[in-house]
Amino acid sequence: MNKRLRRSTTDHKLAGVAGGLGEFFGIDATIIRIIFAFLAVFGGTGIVAYIILWILMPEGSSSDRNFGSNSKNHSNDNWSNF
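Residues numbered from 1 in each chain as written. Predicted model: local features only at pLDDT ≥ 70, side-chain atom pairs only at ≥ 80, totals over all residues. Heavy atoms only, no water.

Going by the annotation in an unreviewed UniProt entry, the name recorded for the chain is PspC domain-containing protein, with Lapidilactobacillus dextrinicus given as the source organism. According to the UniProt record, the Subcellular location (unreviewed entry) comment for the chain reads "Cell membrane". (UniProt positions renumbered as here; feature names shortened; annotations may be inferred.)

### Let's talk about the nonpolar core
Counting residues in each nonpolar core, the largest one holds eight residues, listed as Ala15, Val17, Ala18, Leu21, Ile32, Phe36, Tyr50 and Met57. For this core, the secondary structure elements donating two or more residues are helix H1 (17-25) and helix H2 (29-41). Apart from residues no more than four positions distant in its own chain, Ile32 is found in contact with Ala18, Leu21, Gly22 and Ile27. (Core = buried A, V, L, I, M, F, W, Y, C linked by side-chain atoms within 4.5 Å. Buried < 20%, exposed > 50% of the residue type's maximum accessible area, 1.4 Å probe, protein only. Helix = DSSP H or I, 4+ residues; strand = E, 2+ residues; numbered from the N terminus. Contact = heavy atoms within 4.5 Å.)

### Quick word on H2
With 13 residues, H2 extends 18 Å between its outermost C-alpha atoms, agreeing within 8% with the 18 Å of an ideal straight helix rising 1.5 Å per residue. Tucked into the core, H2 has its buried residues touching H1 and helix H3 (45-56). (Expected span 1.5 Å × (residues − 1).)

### With respect to the side chain of Ser8
Locating Ser8 in the fold gives a position in the segment before H1. A polar side-chain atom of Ser8 sits 3.0 Å from a polar atom in the side chain of Glu23. (Polar contact = N/O pair within 3.5 Å; in protein donor to acceptor, adjacent residues only side chain to side chain.)

### Looking at the pattern of salt bridges
When the charged atoms of two side chains with opposite charge come close together, those side chains can pair. Tallying each qualifying case throughout the model produces one salt bridge. Close ionic contact of Arg33 with Asp11 constitutes a salt bridge, the shortest N to O distance being 3.2 Å. Pair noted here: Arg33 is in helix H2 and Asp11 is in the segment before H1, with a separation of 22 residues, a long-range link. (Salt bridge = Lys/Arg side-chain N within 4 Å of Asp/Glu carboxyl O.)

### Thoughts on H1
Along H1, the positions that sit buried rather than exposed are Val17, Ala18, Gly19, Gly20, Leu21 and Gly22. On its buried face, H1 sits against H2 and H3. Immediately downstream of H1, the backbone of Gly26 shows phi near 75°, a positive value.

Below is the structure:
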């Protein structure tokens, strides 16, 4: 298993840090976001940690993106894949 810590290109709200951590640890990114918000409110370390991780974590490659290429319906009218 060659798992790398990268910012998510598919599950991101701001920079993909929480999505990347969630993918790496195998948990929902919402839990990571709640932890960052809790740390930001109580002490401000969540903001600093998020910015540091944003700078240090590389962005996931474009091959990690899944725009429904494995879907059976490839019509241009199928916007549910986006």
